[in-house]
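# Structural characterization, general
Take a look at the letters that make up each chain.
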Amino acid sequence: LLRENIQPAMGVWLMTAGGVGPEAASPAQAAVWAIARTASVEFPDLSVRCVDIGDGEISGDLLSSLARSSARTVLVRGGRFFQSELVRQTKTTAESGNTSLRASPSGLIDLLEEVPVPRCEPRPDEVEIRIEAHGINFRDVLTALGMLSVTNPVLGGECAGTIARAGAQSGLNPGDRVFAFAPHSLQAFVTVPVVNVARIPEGFTAEQASALPIVYLTAIYGLDRLASLQRGESVLIHAAAGGLGLAALHLARARGAEVCATAGSDEKREYLRKLGVRHVFSSRTIDFAEGVLQATGGRGVDVVLNSLTGDLAEKNLSVLAPRGRLLEVGKRDTLSLQEVRQRRPDVGYFIYDLGEEAERDATLIPALMAVLLRMMQEGSLPPLPVTSFSDVREAMRYMAQARHIGKIVVTRSFDEHSKVPVSPHATYLITGGCGGLGLIFAESLVSRGARSLVLMGRSAPSPSALAQIELMRSRGAQVTVFRGDVADRTTIEAALNAIPAGRPLKGVLHVAGVLDDRSLLLHNQESLLAAMRPKWLGAWNLHQATETLPLDFFILFSSAVVSLGSPGQANYAAANATLDALAAWRKKRGLPALSVQWGPWAAGMAEHLKASLENLGLGRLAAAEGVTALDRALNVDEPVVAILPVTSWHRLQQWQRKGERGSARHASSDSTAISAGQPARGIVERLSDMAPAERHAFLAEHLRQQVIHILSLPSTTRIDEDEALHDLGLDSLMAVELRNALATSLGQPWSPTMVLDYPTLRSLTGYLLSELFLSAEQSQAAAQPIENLSEAEAEELLLQELSGGKHGDGR
């Protein structure tokens, strides 16, 4: 399909039968899915989709339903569809441990401090909550940035989780799922009065529940108690797509009020319109005032809920109806009461903060909570959309950009800190043991008491590896270097036979692997086997040789490219997928097994991975991070886990959920340059406006910029039009990248082998021009009656036909 430039209208479907999924263990079928993910990255226009049909039965209805689905990967089980998704593993904390997050004096989000705090025994009317999710608010961000003058920079205000301990008069029991208004609750456990706690409504997740208290209670207090919003009145809600804005919108509608709203982006304004809000304006300019007055016939609104500052905030006074009410929830640069009275003495002005009001009145939160629960039971107040993060720092950075709709939530991670079982009286075998990763885990085992290691590899250790091995030996460890190919069963048996009887083998780490990166178009049986032999054959040999031994662990080093895809690594992804399947198969048989899909490392083989993984929101694993993460993974009752150095969960989830699989880069542009990010029709239109003689130089310059960007060359680099691009360093993967970039900038797909078929700037420019213009001119000419053609045009058509042109047969 790729070589013939065929693009099926319904995409490319790869079907497996019961070989993929939580209960499956088919190495061959798992490899098919892994290759497909690579194909999706390299050639997104093929629209590759994978379907595992379980029992193997296919019906017309099943195929029709699959065709209507937009999912790229689907498991079909019992007539139901399941889509694979990367999920964060919930970890478990020691019951005695508790930590709280505090703002740093420096005002840097990266330096937020997690400090140990004692757990508080609940009083009879209190409960202790083991927190699963926290709602994050702008107040938390401002506190973290040092923009609010607070004496106690402890963060948090709302949460959801399960009851850990319950007071005798609380009416709740350990294990009950609850949410709470809980100041200073960005910690693992928090003790709060039971009157501030409610059971999580049926059908709500912990994330959704943690987003409820502050915004809904703030909206109820402001619109109900302070503004006394009545049916038939009108209200202007600023930043209406945010958490408080949406809560106020739903409450105002439930009270029968007419809503005008503002939001800061086209996406947010469109979201509000889809909710049925008729009058939606921008919150970035003062033009909203004119729009509100037009929408209300010049009268203005009865209530304004404001969070804007400066001139935008002052403009609210001009849109308030006589005796209107202005609610101010902003924390900085707010109007003073005196300013409001001078300009609008008829207006009621209320500056309020729910937390401060609750400190003054202990009955406030229980009363507001009762209203919230009643309205939720009635169905008049729905859950809010949430964006979840596992890292509070990442969540706060994202909130500071004000791009989200609804609420931002941070899920709480728990950790038992248990370790890999290590004994000084046992031996541990590491394949690929003299490489970067092998040595990292060898040193980790020695530091935990291991005194007998076998490091296996095909090549002799490098001088630096020998230095590390000697250091381990100086610490009392017997380190044996065994040269041999793990894909050779006799080599494995020889290595095991050399293990002393007094120190039996208790653990295996299969780290060995080979990279042979190239475009999917250039892979063949040899390149597939180059990756498959050390991974699959090596793992299978290790399994067979140790199947009857009482091992503590059998760890296979897989790769995140299995789940995420990476250009040029189809063979590597397929080979690692077989490890995942083997781990699942061993686990089903009651044998120890863990396959780890590692993300990029700061050392070792992953240094050679392409930048595609990092562009997904992944960093690089440091040695200590990887060792600690593997400890946690061994406590998870799953055969396959991914250990990823996530720098942005948002980008990673976007990639996976939305199927963003493109690999083309976008070049930057200046006032005269043409970039890959330029609108698709821009370049073609400019070429169309030129005389044919001018087009070659213009398009050649565009190609030059694309090439120097992909090769990371200086922008002033000159390229001879007749020099082969591969001589400049453009390999097969870069050729695919260039092809994808040209598909974007020129607005049409090209043959995957185009850059290889036309290897110089001159030949490639000529080919593109002929495809863009000559074909169209020929088609136009061919559509004309022959009698309308000039002699020259008729001669050109005849010559093309005789020479086997685009539609000739070559005779």
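Residues numbered from 1 in each chain as written. Predicted model: local features only at pLDDT ≥ 70, side-chain atom pairs only at ≥ 80, totals over all residues. Heavy atoms only, no water.

### Some words on the overall build of the protein chain
Secondary structure summary: the protein chain contains 28 helices and 26 strands in total. Within the protein chain, the proportion of its 811 residues that are buried is 51%. For the protein chain, the share of sequence-separated contacts (at least 6 apart) that also reach a separation of at least 24 residues comes to 68%. Looking at the protein chain as shown, the accessible area adds up to about 36,500 Å², and 51% of this sits on carbon and sulfur atoms. (Helix = DSSP H or I, 4+ residues; strand = E, 2+ residues; numbered from the N terminus. Buried < 20%, exposed > 50% of the residue type's maximum accessible area, 1.4 Å probe, protein only. Contact = heavy atoms within 4.5 Å. Areas by Shrake-Rupley, 256 points an atom, 1.4 Å probe, with all protein chains shown as cover.)

### Comments concerning the sheet that holds strand 26 (residues 640–643)
Within a sheet, adjacent strands bond to each other through the backbone by hydrogen bonds, running parallel or antiparallel. Sheet architecture is open: seven strands sit in the order 22-21-20-23-24-25-26, paired in parallel fashion. Among the strands making up the open sheet, the edge pair consists of strand 22 (478–483) and strand 26. Recorded for the sheet is a direction-independent mean angle of 20° between the axes of neighbouring strands. Of the strand pairs in this sheet, strand 23 (residues 505–510) and strand 24 (residues 553–559) are connected by four bridges, and their pairing is parallel. Each residue of the ladder has a partner; that of V508, found in strand 24, is F554. The strands touched by helix 20 (residues 570–588) within the sheet are strand 23, strand 24, strand 25 (594–598) and strand 26, with strand 24 carrying the most contacts at an inclination of about 150°. (Pairing = 2+ DSSP bridges. Axes fitted to C-alpha atoms, helices over the stretch in contact; angles between N-to-C directions.)

### Digging into helix 6 (residues 243–254)
Between its terminal C-alpha atoms helix 6 stretches 17 Å, which fits the 16 Å expected from 12 residues at 1.5 Å a residue. Of all 12 residues making up helix 6, 10 are buried, and the element is well covered by its neighbours. Here helix 6 has its buried residues at G243, L244, G245, L246, A247, A248, L249, H250, L251 and A252. Backbone geometry just after helix 6 places G256 at a positive phi near 85°. (Expected span 1.5 Å × (residues − 1).)

### Focus: a nonpolar patch on the surface
Side chains of M15, I58 and L63 sit close together on the surface and give an oily, nonpolar patch of about 260 Å² of accessible area. Within the element layout of this structure, I58 appears in the loop between strand 2 (48–52) and helix 2 (60–68). By relative accessible area, which is 47% here, I58 ends up partly exposed. (Patch = residues over 30% accessible without salt bridge, like charges linked within 9 Å, V, L, I, M, F, W, Y side chains within 5 Å. Salt bridge = Lys/Arg side-chain N within 4 Å of Asp/Glu carboxyl O.)

### Quick notes on the pattern of salt bridges
In the structure shown here, the tally under the stated rule is 25 salt bridges. Ionic pairing is found between K407 and E158, a salt bridge with its closest N-O pair at 2.5 Å. In this pair, K407 is assigned in strand 19 (residues 407–411) and E158 in strand 8 (residues 158–166), connecting sequence segments 249 residues apart. The residue R489 makes a salt bridge to E493 at a minimum N-O spacing of 3.2 Å. Linking R489 with E493, this pair stays in helix 17 (residues 489–497), spanning four residues, or about one helical turn. For R489, a relative accessible area of 28% puts it in the partly exposed group. By relative accessible area, which is 34% here, E493 ends up partly exposed. Members of the salt-bridge network, linked through shared partners, are R119, E121, E128 and R165.

### Looking at the nonpolar core
Core analysis: the largest hydrophobic core is formed by 58 residues, its most contacted members being F179, L223, V235, I237, L272, L305 and L372. By size, the runner-up hydrophobic cluster in this structure holds 36 residues, among which are I440, V446, A477 and V596. (Core = buried A, V, L, I, M, F, W, Y, C linked by side-chain atoms within 4.5 Å.)

### Structural notes on the packing of helix 5 (residues 213–226) against helix 6
Put simply, helix 5 and helix 6 touch, their axes get as near as 8 Å, and they point 50° apart. For the element pair helix 5 / helix 6, the angle class is oblique. Both helix 5 and helix 6 take part in a crossing whose hand is right-handed. Across the interface between the two elements, V215, Y216, T218, A219, I220, L223 and D224 of helix 5 pack against G243, L244, A247, A248, H250, L251 and A252 of helix 6. Of the residues assigned to the contact of helix 5 with helix 6, the class counts are 10 nonpolar, three polar and one charged. (Parallel < 35°, antiparallel > 145°, perpendicular 65-115°, else oblique. Left-handed = near helix turned anticlockwise from the far one by under 90°. Nonpolar A, V, L, I, M, F, W, Y, C, P; charged D, E, K, R; others polar.)

### Some words on the sheet that holds strand 2
The sheet built from four strands is open, its strands ordered 1-2-3-4 with mixed pairing. Each having just a single partner strand, strand 1 (12–16) and strand 4 (80–82) make up the two edges of the open sheet. Across the sheet, the axes of successive neighbouring strands diverge by a mean angle of 25°, strand direction being ignored. Contacts from helix 1 (residues 27–42) reach strand 1, strand 2 and strand 3 (73–77) within the one sheet, and its direction differs from that of strand 2 by about 160°. The strands that helix 2 touches are strand 1, strand 2, strand 3 and strand 4; relative to strand 1, the one it contacts most, it runs at about 130°.

### Section: the packing of aromatic side chains
On inspection of all chains with the given rule, the structure shows 12 aromatic pairs. Judged by centre distance (5.8 Å) and plane angle (25°), the ring pair of W536 and W540 falls under stacked. Taken together, the residues span about one helical turn, with W536 and W540 both in helix 18 (residues 525–546) at a distance of four residues. For W540, a relative accessible area of 27% puts it in the partly exposed group. Both rings, one in F557 and one in W598, keep their centres 5.3 Å apart while their planes meet at 45°; by these two values the pair is tilted. (Phe/Tyr/Trp six-rings, centres within 6.5 Å; stacked < 30°, edge-to-face > 60°.)

### Side note on the pairing of strand 12 (residues 234–237)
Judged by which residues are buried, strand 12 turns out to be covered on both faces: S234 and L236 on one side and V235 and I237 on the other are all buried. Where strand 12 and strand 13 (residues 258–263) come together, four bridges link them in parallel fashion. Each residue of the ladder has a partner; that of L236, found in strand 13, is C260. Summarising the sheet, strand 12 and strand 15 (residues 301–306) pair through three bridges and their orientation is parallel. By the bridge assignment, I237 is partnered in strand 15 with L305.

### Considering the environment of D631
On the secondary structure map, D631 appears in helix 21 (residues 623–633). When its relative accessible area of 2% is taken as the criterion, D631 is described as buried. With 210 residues separating them in the primary sequence, D631 and P421 have C-alpha atoms 9.2 Å apart.

### So, the side chain of R269
Locating R269 in the fold gives a position in helix 7 (residues 266–274). Here A263 takes part through its backbone oxygen, which lies 2.8 Å from a polar atom of the side chain of R269. At 2.6 Å, the side chain of R269 forms a polar contact with the side chain of D266. Here R269 is in contact with A263, G264, V280, F281 and S282, once residues within four sequence places are set aside. (Polar contact = N/O pair within 3.5 Å; in protein donor to acceptor, adjacent residues only side chain to side chain.)

### Observations concerning the packing of helix 15 (residues 436–447) against helix 21
For the pair helix 15 and helix 21, interaxial distance at closest approach is 10 Å and the crossing angle is 65°. Judged by the twist between their axes, the crossing of helix 15 over helix 21 is right-handed. Contact residues: I440, F441 and S444 in helix 15; A623, G626, V627 and L630 in helix 21. Along the lines of polarity and charge, the residues of the contact of helix 15 with helix 21 split into five nonpolar, two polar and no charged.

### Re the confidence of the model for the protein chain
Within the protein chain, residue pLDDT values average 83, and 86% of them lie at 70 or more. For the stretch residues 604–612, pLDDT sits under 50, and the model shows 24 contacts to residues farther than four places along the chain or on other chains. Long-range and interchain partners of residues 658–681, a stretch whose pLDDT sits below 50, account for 59 contacts in this model, where long-range means more than four residues apart. (pLDDT = per-residue confidence, 0-100.)

### Here's the deal with the pairing of strand 20 (residues 427–431)
In terms of residue burial, strand 20 counts as a mostly covered element, since five of its five residues are buried. Judged by which residues are buried, strand 20 turns out to be covered on both faces: T427, L429 and T431 on one side and Y428 and I430 on the other are all buried. Alignment of strand 20 against strand 23, held across five bridges, turns out to be parallel. By the bridge assignment for strand 23, T431 is matched with H510.

### Observations concerning unusual backbone geometry
Positive phi, normally seen in glycine, also occurs at S47, with a value near 55°. Inspection of the secondary structure puts S47 in the loop between helix 1 and strand 2. S47 gets classed as partly exposed once you look at its relative accessible area, which sits at 25%. One non-glycine residue with positive phi stands out, namely S228, at about 50°. By relative accessible area, S228 is classed as partly exposed at 36%.

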